[in-house]
Amino acid sequence: MVTFKNISKSVLSLLFMLFLSTPQVYSQTYNLSNQASKLTVSGTSSLHDWDIDAEQQKGQIILNTANDLKIEKLTLEVTAESLKSGKGGMDKNTYKALNTGKHKTINFQLTEVKEIKSVGNDNYKTEIVGNLTIAGVTKKLNINLDMSVTSSKVTLNGKKSFKMTDFGIDPPKALLGTITTGDEVTITFNTVLNK
């Protein structure tokens, strides 16, 4: 004879087995804080060195913490016309060189993680590979960065230099070509992503 007690035991056993067989979710998603993050493009010219800051950026990182720390996804997007130098003429030349009328954003997409090495206190030396798209041209870049991870925040710090001409960009000129910009630029970033 089937009793209520036996049914209750069977249901409890079944629920327990389901709980044990359900994979645990270890992926954690963090979204970029535009207010807390800073990205600066630096370069040279025949007149003086220059810096341009990105005022609008967004992005996401997904970490898997199951065993060793893994990066499952990393994206970054900068609104091209949010790059500001504090000099209107220079900004105008920058937007022209980037063809911002056609290419509204600068994008980075992770393709490979080469190394994540713990250096203690939730800090990691990381080498990644990703596709950087500027002015419609995509190039694969290796980037070394310092990563700090807590339960509520991920911080990425690093810098990367490359040539504008690699992306089909003619270095901007000013004052009828009398001021020329150096081909190499360096992007320095302190990116903060919150859960």
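The rules behind the values
- Residues numbered from 1 in each chain as written.
- Predicted model: local features only at pLDDT ≥ 70, side-chain atom pairs only at ≥ 80, totals over all residues.
- Heavy atoms only, no water.
- Salt bridge = Lys/Arg side-chain N within 4 Å of Asp/Glu carboxyl O.
- Helix = DSSP H or I, 4+ residues; strand = E, 2+ residues; numbered from the N terminus.
- Buried < 20%, exposed > 50% of the residue type's maximum accessible area, 1.4 Å probe, protein only.
- 1 Å grid on protein atoms, 1.4 Å probe; cavity = no way out; pocket = protein on both sides within 12 Å on 5 of 7 lines; lining within 4 Å.
- Points joined across faces, edges and corners; volume = space filled by probe spheres on them.
- Nonpolar A, V, L, I, M, F, W, Y, C, P; charged D, E, K, R; others polar.
- Core = buried A, V, L, I, M, F, W, Y, C linked by side-chain atoms within 4.5 Å.
- Contact = heavy atoms within 4.5 Å.

1. As for the pattern of salt bridges
When their charged atoms lie close together, side chains carrying opposite charge are able to pair. Inspection of every chain in the model, using the stated rule, returns four salt bridges. Residue K58 pairs with E77 through a salt bridge whose shortest N-O separation is 3.7 Å. Here E77 lies in strand β5 (residues 70-79) and K58 lies in strand β4 (residues 57-64), a separation of 19 residues in the sequence. You can call K58 exposed: its relative accessible area is 52%. E77 gets classed as partly exposed once you look at its relative accessible area, which sits at 24%.

2. So, the layout of surface pockets
In this structure, the largest pocket spans a volume of roughly 780 Å³. Taken together, 43 residues make up the lining of the largest pocket; nearest its centre are V41, W50, L83, V185 and I187. By residue class, the composition of the lining of the largest pocket is 32 nonpolar, eight polar and three charged.

3. As for the nonpolar core
Counting 39 residues, the largest nonpolar core has I61, L83, I134, M147 and V154 as the members making the most contacts within it. Leaving out residues up to four positions away in the same chain, V154 has contacts with Y30, I61, L63, M147, S148, V149, T191, V192 and L193.

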